[in-house]
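Fold and geometry: a report
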Amino acid sequence: MLPYGRQSIDESDIEAVTEVLRGEFLTTGPAVAAFESELSRHTGGVPCVAVTSGTAALHVAYAAAGVGAGDEVVTSPLTFVATAATAALLGATVRFADVQPDTGNLDPGAAAALVTPRTKAVTAVDYAGHPADYDELRAVADSAGAVLIADSAHSLGAAYKDRPVGSLADLTTFSFFPTKTVTTAEGGAVAAADPACHAWAARFRNHGLVREAGEQRDPGHGGWHQEVHAFGLNYRLPDVLCALGISQLRRLPRFSARRTELVARYDALLRDVPGLTTPARRAYVTPNWHLYPVRVHDGRRREVYDRMRAAGIGVQVNYIPAYWHPVFEDLGYRRGLCPEAESYYAEELSLPLFADLTDAQQDHVVETLTAILR
C-alpha cells in the first residue's frame, strides 16, 4: 500500500540517534535544548518548548494561555479532534466557527461572530500546511482580549506575508508525527514569544516543578528541594527523539522543496480532470504542504476512496468535523453547526504526499484517480 504520508529517514538520522544512545543522557539532556534552538531558527527566532506530541503541545499552549473552566475557545472543526479536546479537558467550552470554503481554514468572519467576553483563545488551524489569515484573526482575538493560538501541526516551514509560521500568533503548536514534514517519531513543540508564557510552558511540561531557589516559597532545604506551585504533566521529549529532530530539521528546506515540487506536479496533472477541485492557495501565503487535499464532487468521494485503496493507494480523509465525534455530541453539539466545514469534509480526499514520493509513484496515483473519475 502506497501511504498518504511517510517519514524520510536516512543514515544521518540513524547516526544522530545512535550518538545519543552511546552518550550519557537519554532524556533531559543537552539534545533537548539543541533541538529547541534549531527549531527556533524556523520560527523567526521565537523560542520553543519541546514536548511529547502535537496533542501535548496544544494542551501546554492552552494551559500557558490560562484557559480553564468557564472560558471559551473559538476554533475550527476541520481538524484532528485534539485541537478542541485539549481545550475541553481544561474545562473550557469550545465554540466551533466555520471555515473558508476554498482553503478549509478558519473563517475570520465566522470566528468574529462567536467571540464573547468569555473568549480566552482563538485557535486557528493551518489546514494541509496553508497558513490561516492571521492578520484578520489577530484583530478578532484582540477585539475579545483573547490569546491567538496557531495549531501549525501541518505547516512548519510555511510563511504568511513573508513571516514564518511560529511568529504569527501568541502561541504556536507543532507536531512531529511521522507523516509530518519533519519527524521525531512522536513529538511536538510550542513556540511562545512572551517570556512568561514560554516559562509557563517549560514548567508545565515538567510536572510544574520549580527548582530555582529564588522562585520557591520555602527554599533553603538543600539542592534536592523542588516545589510544585501549579499542576503540570510529564510531557518531556527525550534526547533520543530530539536528536532525530535536529537531524530532520537540517533537511527541512529539502523536504519542503520536494513537497512543493510534488504539489506543482499534482496541480498540473489534475487541472483538467472532471469532478475534481485541487487545493487553493492565497497569493500572500507560502504553504508547506503536509496534505494534498482534493475535493471529489457529485457524491463520489466514498467510491473513489474505496477504489483507490483497492488499487493499493492509501488515500485518506482529513478530517471528520470535530463536533461529529460522539464525545462532543454527548455535550450537545449537533451536525449542521458549520455547513462549509461539513461540505468540505463530504468531498475531501488526501492524495499521497511525502518527500520520498517518486514521480513514477505520483504518476500512478494520478492515472488511477483519473481513470476512476472518467
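Our structure's up above, just so we're on the same page.
Structure report, in brief. Nothing here was measured: the structure is a model prediction, and the numbers come from that model.

At a minimum axis separation of 11 Å, helix α9 (residues 252-270) and helix α13 (residues 359-373) run at an interaxial angle of 30 degrees. Accordingly, the angle class assigned to the pair α9 and α13 is roughly parallel. Between α9 and α13 the crossing geometry is right-handed. Residues Arg258, Leu262, Arg265, Tyr266, Leu269 and Leu270 of α9 pack against Asp359, Gln362, Asp363, Val365, Val366, Leu369 and Thr370 of α13.

Let's shift gears to unusual backbone geometry. Excluding glycine, residues mostly have negative phi values, and the peptide bonds linking residues are mostly trans. Looking along the chain, the bond that leaves asparagine 318 and enters tyrosine 319 is cis, with omega of 5 degrees. Counting through the fold element by element, tyrosine 319 comes out in the loop between α10 (301-310) and α11 (326-329). Positive phi values are uncommon outside glycine, yet alanine 128 reaches one of about 70 degrees. Mapped onto the elements of the fold, alanine 128 is located in the loop between β4 (119-125) and α6 (134-143). For alanine 128, a relative accessible area of 1% translates into the label buried.

Attention now moves to the sheet that holds strand β6 (residues 159-160). Sheet architecture is open: 3 strands sit in the order β7-β6-β13, paired in antiparallel fashion. Only two strands of the sheet have a single partner each, and these edge strands are β7 (163-164) and β13 (285-286). Sheet analysis places β6 next to β7, joined by 2 bridges and oriented antiparallel. The residue of β7 that forms the bridge with alanine 159 is proline 164.

Criteria and thresholds
Residues numbered from 1 in each chain as written. Predicted model: local features only at pLDDT ≥ 70, side-chain atom pairs only at ≥ 80, totals over all residues. Heavy atoms only, no water. Axes fitted to C-alpha atoms, helices over the stretch in contact; angles between N-to-C directions. Helix = DSSP H or I, 4+ residues; strand = E, 2+ residues; numbered from the N terminus. Parallel < 35°, antiparallel > 145°, perpendicular 65-115°, else oblique. Left-handed = near helix turned anticlockwise from the far one by under 90°. Contact = heavy atoms within 4.5 Å. Buried < 20%, exposed > 50% of the residue type's maximum accessible area, 1.4 Å probe, protein only. Pairing = 2+ DSSP bridges.

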